[in-house]
Amino acid sequence: MRIDSHVCFSSAHPPAHLKAILERNRFDGAILVIGALAPPAAIPGHILGMVLRGDAVNARTLDEYQKQPAFRGWSGTLARGIPVGMEELARRGIPFDVEMQPTHFPDLLRLAEALPGLRLAIDHLARPAYARGLTDEWARGMEAAARFPQVFCKISGLLTGIQI
């Protein structure tokens, strides 16, 4: 099965527009990353899962989303440190998609060590500065993260964050 694991949408490009693109590129479906909205009433068949994006984990929001069979995880950033509520994600077995840059590896490693039951997916390979070449900071961070069995990488959005 081929799945696009990280799709965002806007009012100009709703999830319904995605179906033809997925079919044209021989994908079976996509995982939709959405902001802190009320859970959608109906989910199109080509959306195989939803990941909720937010700054801090909220138990009531999790309660609502966990009623949705398509709910797959939480997405947030390490730009302001480790978000509040990571223990709740680990307790419920909900993975955390981590928006980060190479400078955030120390926080990621602290989180992985503190919560070995929390599955962590590094989004966009931690957005290395491709135009400047891969740095030692990025390579050491990825090597250290790879030592934790609950840490994974998403190869997504690689060209959207390029800084020259």
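Residues numbered from 1 in each chain as written. Predicted model: local features only at pLDDT ≥ 70, side-chain atom pairs only at ≥ 80, totals over all residues. Heavy atoms only, no water.

Draft legend 1. How the structure looks around the nonpolar core. Within the largest apolar cluster, 36 residues are counted, with the highest numbers of intra-cluster contacts made by Leu-89, Phe-96, Phe-105, Leu-108, Leu-120 and Ile-122. Here the element with the most residues in this core is helix H4 (residues 105-114); it accounts for four residues. Once you skip the residues sitting within four places of it in the chain, Ile-122 turns out to touch Val-98, Met-100, Phe-105, Leu-108, Met-142, Ala-145, Val-151, Phe-152, Cys-153 and Lys-154. (Core = buried A, V, L, I, M, F, W, Y, C linked by side-chain atoms within 4.5 Å. Buried < 20%, exposed > 50% of the residue type's maximum accessible area, 1.4 Å probe, protein only. Helix = DSSP H or I, 4+ residues; strand = E, 2+ residues; numbered from the N terminus. Contact = heavy atoms within 4.5 Å.)

Draft legend 2. Structural context of the sheet that holds strand E6 (residues 120-122). Taking strand neighbours across the sheet as the criterion, the seven strands line up as E1-E2-E3-E4-E5-E6-E7 in an open arrangement whose pairing is parallel. Where the open sheet ends on each side, the last strands, each with one partner, are strand E1 (3-7) and strand E7 (151-153). Looking at each pair of strands side by side, their axes are set apart by 25° on average, direction ignored. In terms of strand pairing, E1 meets strand E2 (residues 29-34) through three bridges, oriented parallel. Its bridge partner lying in E2, Val-7 is registered against Leu-32. Across the face of the sheet, H4 comes into contact with strand E5 (96-99), E6 and E7 while running at roughly 160° to E6. (Pairing = 2+ DSSP bridges. Axes fitted to C-alpha atoms, helices over the stretch in contact; angles between N-to-C directions.)

Draft legend 3. How the structure looks around the pairing of E2. With six of six residues buried, E2 is to be regarded as a mostly interior element. Taking every second residue as pointing to the same face, both faces of E2 are buried, with Gly-29, Ile-31 and Val-33 on one and Ala-30, Leu-32 and Ile-34 on the other. For the handedness criterion, the β-α-β arrangement of E1, helix H1 (residues 15-24) and E2 is classed as right-handed. With five bridges connecting them, E2 and strand E3 (residues 47-53) associate as parallel partners. In the strand pairing of E3, Leu-32 is matched with Met-50. (Right-handed = clockwise from strand over helix to strand, strands pointing away.)

Draft legend 4. Inspection of the packing of H4 against helix H5 (residues 136-145) at higher detail. It is the contact of H4 with H5, at a shortest axis distance of 10 Å, that shows an interaxial angle of 5°. By the criterion of interaxial angle, the relationship of H4 to H5 is roughly parallel. Here Phe-105, Leu-108 and Leu-109 of H4 lie close against H5, whose contacting residues are Glu-137, Trp-138, Gly-141, Met-142, Ala-144 and Ala-145. Class assignment of the residues belonging to the contact of H4 with H5 gives a composition of seven nonpolar, one polar and one charged. (Parallel < 35°, antiparallel > 145°, perpendicular 65-115°, else oblique. Nonpolar A, V, L, I, M, F, W, Y, C, P; charged D, E, K, R; others polar.)

Draft legend 5. Looking closely at the packing of aromatic side chains. In the structure shown here, the tally under the stated rule is one aromatic pair. Aromatic pair Tyr-65 and Phe-71: ring centres 5.6 Å apart, planes at 50°, arrangement tilted. The exposure class assigned to Phe-71 is buried, which follows from its relative accessible area of 10%. Here the guanidinium or amino end of Arg-2 rests over the ring plane of Phe-27, the centre of that ring lying 4.3 Å away. (Phe/Tyr/Trp six-rings, centres within 6.5 Å; stacked < 30°, edge-to-face > 60°. Lys NZ or Arg CZ within 6 Å of the ring centre and 35° of its normal.)

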